[in-house]
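# Structure assessment
The chain contents come next:
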Amino acid sequence: MTPVLVTGLPRSGTSWTGRMLAASGELVYVNEPLNPEHPPGRSPGVLDAVVGHRFQYICPDNERAWLPAFARTVALRYGFRAELRRNRSPYDLARMVRYGTAFTLGRLGGRRALLDDPFALFSAGWFADRLGCRVIVLLRDPVAFVGSWQRLGWTVYFHELLEQPLLVRDQPHLEALRPLIGSQDRVAKAVALWRAAGITAADLADRHPGIMLARYEDLARDPLTGFRRLYEWAGLTWSARAEERVRRACTARAGAATSGTGSGGFAWSGLSRTAYRPMDSRRALAEAGARLSPEEALRVRELASAKR
């Protein structure tokens, strides 16, 4: 059964897109197995492999441990023993029950795995070729992307990319990031990451027919048309129920209740912390550009469009 991977840089709409695809009822949602932090990552019941980097690069040259681990993940075979060897807190046990049940019932019910993982971006070609994933790569406007990172106080550490020789070999343009190691200019670093991710995404989509690029802004402006197209790409059924669930999730009023509490742009959904929350997607799109001052937005545009 064909798994689905939704990826793109963090804060590009992967969680929202993943949840809208899961509204089909035909997928089991798996949240960020390649995230190096626990939670949501470092759960060997979900993925029994050691993640060494943010944006871990996986390719045929280093797939020996990754291929069997992800083969089990996309087959929805939860590793209870592996999980118990590492994680035993009450939270971890509750999460194990949740994921173990979802994997088992999903497999028995003929559902497919949906991996929502921004950290899989640079490895998207491997997921398409070796696991047969239908891959959706989310791209976002640079001002909205940088504004979101600034609001959350995030930065990027480029050594996470540059210390992976196979990644630099296959995406040599990443060498242009080296001068920014140690820089305190968070805006310039975020724009540089956005540019590098865009170059990589375009390259991967050109070389791998199983990868589709989708723009967050297009989905937000017209979610029903956009998600119907993604459903077709992923081989999902665009039913009346799915359409209504997408419609309701994308027209929620600001501050609409979610399953739990959240802060800093995150919402809790069950036992998985994701960036998804019901929202008015058109309103959110209009507000996204206001997170930077006009001067900051202009600088972002200039950096994003500068010639290499």
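Just above sits the structure.
Residues numbered from 1 in each chain as written. Predicted model: local features only at pLDDT ≥ 70, side-chain atom pairs only at ≥ 80, totals over all residues. Heavy atoms only, no water.

## Considerations on the packing of aromatic side chains
One pass over the full model with this rule turns up 14 aromatic pairs. Ring centres of Phe 55 and Phe 122 lie 5.6 Å apart, and the angle between their planes is 85°; this geometry places the pair in the edge-to-face category. Of this pair, Phe 55 sits in the loop between strand 2 (27–31) and helix 2 (66–74) while Phe 122 sits in the loop between strand 3 (112–116) and helix 5 (124–130), placing them 67 residues apart in sequence. The pair formed by Phe 55 and Phe 122 is uniform in burial state, with each residue classed as buried. When the ring of Tyr 78 is compared with that of Phe 103, the centres are 5.8 Å apart and the planes differ by 90°; the resulting orientation is edge-to-face. You can see Tyr 78 sitting in the loop between helix 2 and helix 3 (80–86) and its partner Phe 103 sitting in helix 4 (residues 90–108), a full 25 residues away along the chain. Judged by relative accessible area, Phe 103 falls into the buried class, the value being 0%. (Phe/Tyr/Trp six-rings, centres within 6.5 Å; stacked < 30°, edge-to-face > 60°. Helix = DSSP H or I, 4+ residues; strand = E, 2+ residues; numbered from the N terminus. Buried < 20%, exposed > 50% of the residue type's maximum accessible area, 1.4 Å probe, protein only.)

## Re the packing of helix 9 (residues 186–207) against helix 14 (residues 294–305)
Packing of helix 9 against helix 14 leaves a shortest axis separation of 9 Å and a crossing angle of 40°. Considering the angle they form, helix 9 stands oblique to helix 14. Crossing of helix 9 over helix 14 shows right-handed handedness. Where helix 9 approaches helix 14, its residues Val 187, Ala 188, Val 191, Trp 194 and Arg 195 are matched on the opposing element by Arg 299, Val 300, Leu 303, Ala 304 and Ser 305. Residues of the contact of helix 9 with helix 14, tallied by class, amount to seven nonpolar, one polar and two charged. (Axes fitted to C-alpha atoms, helices over the stretch in contact; angles between N-to-C directions. Parallel < 35°, antiparallel > 145°, perpendicular 65-115°, else oblique. Left-handed = near helix turned anticlockwise from the far one by under 90°. Contact = heavy atoms within 4.5 Å. Nonpolar A, V, L, I, M, F, W, Y, C, P; charged D, E, K, R; others polar.)

## Here we look at the pairing of strand 3
For strand 3, a buried count of five out of five residues is recorded, marking the element as mostly surrounded by other parts of the structure. Side-chain alternation along strand 3 places Arg 112, Leu 114 and Asp 116 on one buried face and Ala 113 and Leu 115 on a second face that is also buried. As paired strands, strand 1 (residues 4–7) and strand 3 are joined by three bridges and run parallel to one another. Bridge pairing in strand 3 places Val 4 opposite Leu 114. As defined by bridge partners, strand 2 adjoins strand 3 across five bridges and the pair is classed as parallel. Pairing of Val 30 across the sheet is with Leu 115, part of strand 3. (Pairing = 2+ DSSP bridges.)

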